[in-house]
Amino acid sequence: MKRGKKNRKKRITAGTIFLYLLESLMLVLVAFLLVMVFRARGKQAEETAAYFRSLAPTPTPVLLSVPEATPTPAPTPEPTPEPTPEPQPEFFKLSFIGDNTLWATSQFVFNPIALPLTVGDDTAYPYQNTVKYFTEDEYTLANLECSFSDEKLAYDYTVVQFPFLAKPEYVNILLDGGVDFVTMANNHTKDFFDTGVEHTQHVLEEAGLPYGYENQGQIVTTPNGLKLGIWTSGNDLLPSKDKAVQGVQDLKAQGADIVICMFHWGQELYYSPNDNQTSLAHAVADAGADIVYGTHSHCLQPIEVYNGVPIFYSLGNWVFGGNTQPSDPDTAIIQVTIKRDLDGTISYEGFDCIPCCVSSNIEGGNAMANFKAGKNVDYNAYANYNNYCPTPYEEGSEGYERAMSKLTGTFQALSQGADYSAYYASWG
């Protein structure tokens, strides 16, 4: 019988243990080296990547703006509509004043208290106390009782008692004062013959100031479109009734809204109109005139309203260079109110009176009036009181009440008519 091999155990010796430990140490060392190699390569790769990243441009950050939420506005309440104002009629004022004698008589031109040297170059001076009435109205009408020329014109000294030849620059007294229209139809129009008329017309035309002459009718349009038909006459102080009536009718036919008759008539220093004035005034009113306006008497005369037509028989003096001490100091501004209704109808509504003194020296004017009334007044208190600057009286004052009494017809004059004997005696 065959015997099998017998299993034997391998013997472990010290050398075997040493070799085992040496092999284990070698394996640990190899593993450590491999770890160090991989770590070194990883670090190198990271440094390389960082270097290339440093070369690339830094991207600009994009800021995304988030819009703020817009609050929903509160609903605006609907405004309560204001009621449309009802259309209203329009009202306009027409102003009327007396004689504008813008120079002194030839004998007294160089007198220091006469108008030329008192006014000098200050053409705004004469109207300075009243200009507000004429710049705020619709239209201002006046009587021009002098001629304009820069030449020394001849006149008939046997006929012309008081020649007034103003330098052309004095037309600015009217312009600065707010005057819009003047009549040349008066007894001084031809003091310097036709040459004086032509020179005066030329000055007025150059100044752009409308004017009327003897027996002339014309239509002028005011700033707000009123058509004023104006008839002017009175060179001989006796305007023709027939021509005036026909003139009024013609102006009405031509479409005038308001017809005004400007007459130079009557008698100097009479405080009431004569029959010729009254008859003519009534005739033109019956023919269709809306306003009758007169001058010449150098004093105020009563106002009459005839069949609804106002008649201003005389408005006296205004800027009056004819005398340094007029025997009557009172004058007035009359302002007529004109209505333009919604349908375009134009009508006369009434008038207002503004009593004035011909001078700003009101105390001297009152002294003159009292002297004329027979009161004991010192002559020196009123001598040469006229300084050619018309001035309104204070309402309720002595002058105011006196002027109003002349306009209402209640004034009682001690004497009437002009007496120039003292004036002529002063010539020497």
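Residues numbered from 1 in each chain as written. Predicted model: local features only at pLDDT ≥ 70, side-chain atom pairs only at ≥ 80, totals over all residues. Heavy atoms only, no water.

Taken together, the side chains of Leu19, Leu22, Met26, Leu29, Phe32 and Met36 define a hydrophobic patch exposed on the protein surface, amounting to about 580 Å² of accessible area. Here Met26 lies in helix H1 (residues 14-55). With relative accessibility at 47%, the residue Met26 sits in the partly exposed group. (Patch = residues over 30% accessible without salt bridge, like charges linked within 9 Å, V, L, I, M, F, W, Y side chains within 5 Å. Areas by Shrake-Rupley, 256 points an atom, 1.4 Å probe, with all protein chains shown as cover. Salt bridge = Lys/Arg side-chain N within 4 Å of Asp/Glu carboxyl O. Helix = DSSP H or I, 4+ residues; strand = E, 2+ residues; numbered from the N terminus. Buried < 20%, exposed > 50% of the residue type's maximum accessible area, 1.4 Å probe, protein only.)

So, on to the packing of aromatic side chains. In this structure the tally under the stated criterion is 13 aromatic pairs. Counting every residue linked through ring pairs, the aromatic cluster contains Phe96, Tyr293, Phe312 and Phe351. Sitting over the ring of Phe411, Lys406 keeps its end group 4.8 Å from the ring centre. (Phe/Tyr/Trp six-rings, centres within 6.5 Å; stacked < 30°, edge-to-face > 60°. Lys NZ or Arg CZ within 6 Å of the ring centre and 35° of its normal.)

This part is about the pairing of strand E10 (residues 291-295). E10 sits mainly inside the fold: five of its five residues count as buried. Burial along E10 is two-sided: the face carrying Ile291, Tyr293 and Thr295 and the face carrying Val292 and Gly294 are both buried. With five bridges connecting them, strand E9 (residues 258-264) and E10 associate as parallel partners. Paired with Met262 across the bridge in E10 is Tyr293. Regarding topology, helix H7 (residues 275-287) serves as the crossover connection from E9 to the parallel E10, and that connection is right-handed. As defined by bridge partners, E10 adjoins strand E12 (residues 309-312) across two bridges and the pair is classed as parallel. (Pairing = 2+ DSSP bridges. Right-handed = clockwise from strand over helix to strand, strands pointing away.)

Now for the layout of surface pockets. Empty space within the second largest pocket amounts to approximately 360 Å³. In terms of lining residues, the second largest pocket is bounded by 18 residues, among which Trp103, Ser106, Val109, Lys152 and Leu165 are the most central. Considering only residue class, the lining of the second largest pocket consists of eleven nonpolar, three polar and four charged. (1 Å grid on protein atoms, 1.4 Å probe; cavity = no way out; pocket = protein on both sides within 12 Å on 5 of 7 lines; lining within 4 Å. Points joined across faces, edges and corners; volume = space filled by probe spheres on them. Nonpolar A, V, L, I, M, F, W, Y, C, P; charged D, E, K, R; others polar.)

By themselves, these observations are geometric and do not establish any function.
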